[in-house]
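# Observations on the model geometry
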Amino acid sequence: MRTIVAGNWKMNTDRASAAALVDALVKESVRFGAQAEVIIAPPFPFLAMAVEKCQGTPIRVAAQNCHQSEKGAHTGEVSAAMLKSIGVQACIVGHSERRHYFGEGDALIGEKVAALLAQGLTPLFCCGEQKEERESGRHFEVVTGQMKGALGPFSNAELERIIIAYEPVWAIGTGLTATKEQAQEMHAHIRALLHTHGASVAERVPILYGGSCNPTNAEDLFAQADVSGGLIGGASLVAEQFLELVRIASNVSSSRQ
Ligand code: PGA
């Protein structure tokens, strides 16, 4: 399996800096090689531009959120169908910032996953525990609940089209990273949950790590048996750092062959 590096730009950049960032990645993309898969998730207003600039390159463009309905009276929302119509190929769902600041729960997140799958888009489903949940030893239980709550109803064929990102909330944007052992044990847990749907689901679904992942700690994390790459926030906004992460991912993939 190739190693995936996905950049979540969150609510950052403007038209000029978004264009410059995409251009810098596109310029280097000939060097990505076949071993790393690269996804970027710019804010909504810059998606069409990013899709256009990434055409003919191996970079896939993702949105950061979508609405669960196909269309209708949902002022301010964006549907999976709209994203598809401009060439977006994937979409982040269930990010902890959406769960905590916008009150999104597992059932709603599951509906968004269904909307994306119906359009042929790849859902990038995030899960992860909060600091108190880890400190009280409930992290496995919390992640199990998020997985079952949102992904329970899907068939194996549908599950195989999803990318999972484990992002411990205490590590997001804090500079605190899960140790490689903490990441591996949770990824193995998620892999075991996927295994209950069959060996092929467990083998095919990539599980990314997210939370203060950067060029200093990425090699250790990406090299873990059940870590299939990273979902990168802060470090995805600096072209050199993101490109370095892609290079690290490529090397890790090649050494696994
Ligand atoms: P971070 O964000 O890399 O800035 O911690 C990761 C994310 O929220 O996806």
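In short, a report on the structure. (Residues numbered from 1 in each chain as written. Predicted model: local features only at pLDDT ≥ 70, side-chain atom pairs only at ≥ 80, totals over all residues. Heavy atoms only, no water.)

### Concerning the site of the ligand
- Contacts to the ligand come from 13 residues, most closely from Lys 10, His 95, Glu 167, Gly 173 and Ser 212.
- Between an oxygen atom of the ligand and a main-chain N or O atom of Gly 233, the distance comes to 2.8 Å.
- Here an oxygen atom of the ligand sits 2.8 Å away from a polar atom, N or O, in the main chain of Gly 234.
- Against a free-state accessible area of 290 Å², the protein chains account for coverage of 95% of the ligand. (Near = heavy atom within 4 Å. Polar contact = N/O pair within 3.5 Å; in protein donor to acceptor, adjacent residues only side chain to side chain. Areas by Shrake-Rupley, 256 points an atom, 1.4 Å probe, with all protein chains shown as cover.)

### Some remarks on the nonpolar core
- Counting 72 residues, the largest nonpolar core has Ile 40, Phe 125, Leu 151, Ile 164, Ile 190 and Phe 222 as its most contacted members.
- In terms of residues, this core owes the most to one element, helix 12 (residues 239-256), which gives eight residues.
- Once you skip the residues sitting within four places of it in the chain, Ile 190 turns out to touch Cys 127, Val 143, Met 147, Ile 164, Tyr 166 and Ile 207.
- Grouped together as the second largest cluster of nonpolar side chains are 13 residues, Ala 6, Ala 41, Ala 90 and Leu 208 included. (Core = buried A, V, L, I, M, F, W, Y, C linked by side-chain atoms within 4.5 Å. Buried < 20%, exposed > 50% of the residue type's maximum accessible area, 1.4 Å probe, protein only. Helix = DSSP H or I, 4+ residues; strand = E, 2+ residues; numbered from the N terminus. Contact = heavy atoms within 4.5 Å.)

### Overview of the pairing of strand 8 (residues 229-232)
- The alternating pattern of strand 8 places Gly 229 and Leu 231 and Gly 230 and Ile 232 on opposite faces, both of which are buried.
- In this structure, strand 1 (residues 3-8) lies alongside strand 8, joined through four bridges in parallel fashion. Across the sheet, Gly 7 pairs through a bridge with Ile 232, a residue of strand 8.
- Sheet topology places strand 7 (residues 207-210) next to strand 8; two bridges connect them, and they run parallel. Counterpart to Tyr 209 in the pairing with strand 8 is Gly 230. (Pairing = 2+ DSSP bridges.)

### A few points about the packing of helix 1 (residues 15-28) against helix 2 (residues 47-54)
- Relative to each other, helix 1 and helix 2 sit at 25°, their axes nearing to 10 Å. Judged by the angle between their axes, helix 1 and helix 2 are roughly parallel. Here helix 1 runs over helix 2; the crossing is right-handed. Here Arg 15, Ala 18, Ala 19, Val 22, Asp 23 and Val 26 of helix 1 come into contact with helix 2, specifically with Met 49, Ala 50, Lys 53 and Cys 54.
- Class assignment for the residues of the contact of helix 1 with helix 2 results in seven nonpolar, no polar and three charged. (Axes fitted to C-alpha atoms, helices over the stretch in contact; angles between N-to-C directions. Parallel < 35°, antiparallel > 145°, perpendicular 65-115°, else oblique. Left-handed = near helix turned anticlockwise from the far one by under 90°. Nonpolar A, V, L, I, M, F, W, Y, C, P; charged D, E, K, R; others polar.)

Keep in mind these values describe shape, not function.
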